[in-house]
Amino acid sequence: VQLVETGGGSAQVGGSVTLSCRFSEPASSAYNMGWFRQAPGKERELVAAVSGSGASVYYADFAKGRFTISRGAVLNMVHLQMNRLETDDTAVYYCALKFSNNIDIDPKWWPSWGQGTQVTVSS
């Protein structure tokens, strides 16, 4: 399956950006969908993830209250709504898929990745 992210770009501190990721084929409810980010010189980290059933949702501490992950109705898209952006949110954002009942925060357990989309937040 191929993953393609859209929606990155530039924003001001306090602004909002919405990222979308389309899969080349619908993911079954057994797949977890996630958004990771990687800033220059830092490791890739999980931002948010949702299980295919929608029953489980994970947010990193820095994302709680500001970011919202959501799935498309036919499980071929996942979105990340980012509000109240901060300069520390500047990074390349990647969507990922993982066939599992568990949401793993370690990126090494996620086998399918998009190409990434840059988000730059300036003051």
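Shown above is the structure to which this text applies.
Residues numbered from 1 in each chain as written. Predicted model: local features only at pLDDT ≥ 70, side-chain atom pairs only at ≥ 80, totals over all residues. Heavy atoms only, no water.

## Quick word on the state of the cysteines
Next up, step 1: What the rule picks out here adds up to one disulfide.
Next up, step 2: Each sulfur of the disulfide joining cysteine 21 and cysteine 95 lies 1.9 Å from the other. Since a negative S-S torsion denotes a left-handed disulfide, the cysteine 21-cysteine 95 link at about 45° is right-handed. With cysteine 21 in strand β3 (residues 17-23) and cysteine 95 in strand β9 (residues 91-99), this residue pair connects regions lying 74 residues apart in the sequence. Cysteine 95 matches cysteine 21 in its accessibility class, with the two residues each being buried. (Disulfide = S-S within 2.5 Å. Helix = DSSP H or I, 4+ residues; strand = E, 2+ residues; numbered from the N terminus. Buried < 20%, exposed > 50% of the residue type's maximum accessible area, 1.4 Å probe, protein only.)

## Concerning the packing of aromatic side chains
Next up, step 1: On inspection of all chains with the given rule, the structure shows four aromatic pairs.
Next up, step 2: Seen in terms of ring centroids, tyrosine 94 and tryptophan 113 are 6.2 Å apart; in terms of plane orientation they differ by 85°. Their pairing is edge-to-face. Pair noted here: tyrosine 94 is in strand β9 and tryptophan 113 is in strand β10 (residues 112-113), with a separation of 19 residues, a long-range link.
Next up, step 3: With a relative accessible area of 14%, tyrosine 94 lands in the buried category.
Next up, step 4: Feature note: the residues Phe36, Tyr94, Trp110 and Trp113 constitute an aromatic cluster, connected by ring pairs. (Phe/Tyr/Trp six-rings, centres within 6.5 Å; stacked < 30°, edge-to-face > 60°.)

That's the geometry; what it means functionally is another story.
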